[in-house]
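This is what each chain is made of:
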Amino acid sequence: MTDAQMGLVVATPAIIVMALLFYRMGVLQKGGLATAVLASLAIAIVLFLEQ
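Quick caveat: nothing in here was measured; it's all calculated off a predicted structure.

1. Some points on the overall build of the protein chain
Thought 1: When helices and strands are tallied, the protein chain shows two helices and zero strands.
Thought 2: Projected onto its principal axes, the C-alpha coordinates of the protein chain cover approximately 35 × 15 × 10 Å.
Thought 3: Out of the 51 residues belonging to the protein chain, those deemed buried represent 18%.
Thought 4: For the protein chain, the exposed area adds up to about 3900 Å²; of that, 74% sits on carbon and sulfur atoms.

2. Section: the environment of Ala 19
Thought 1: Mapped onto the secondary structure, Ala 19 falls in helix H1 (residues 3–25).
Thought 2: Taking the C-alpha atoms as reference points, Ala 19 and Ala 42, separated by 23 residues in sequence, lie 15 Å from one another.
Thought 3: Excluding residues that lie within four positions of it along the chain, Ala 19 makes contacts with Leu 28, Leu 33 and Ala 36.

Cut-offs and rules
Residues numbered from 1 in each chain as written. Predicted model: local features only at pLDDT ≥ 70, side-chain atom pairs only at ≥ 80, totals over all residues. Heavy atoms only, no water. Helix = DSSP H or I, 4+ residues; strand = E, 2+ residues; numbered from the N terminus. Buried < 20%, exposed > 50% of the residue type's maximum accessible area, 1.4 Å probe, protein only. Areas by Shrake-Rupley, 256 points an atom, 1.4 Å probe, with all protein chains shown as cover. Contact = heavy atoms within 4.5 Å.

Here it is as structure tokens:
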């Protein structure tokens, strides 16, 4: 596993956790939460497979 892939493995869950925290604080609505989680997963998968 390359350094870039390792970074994706660490950063993606951090982004998802932050989105969940923002949702619990009332900053994000359900649609925003879903968009943030799905977008971060999609980006991570594409970048991970391109490495």
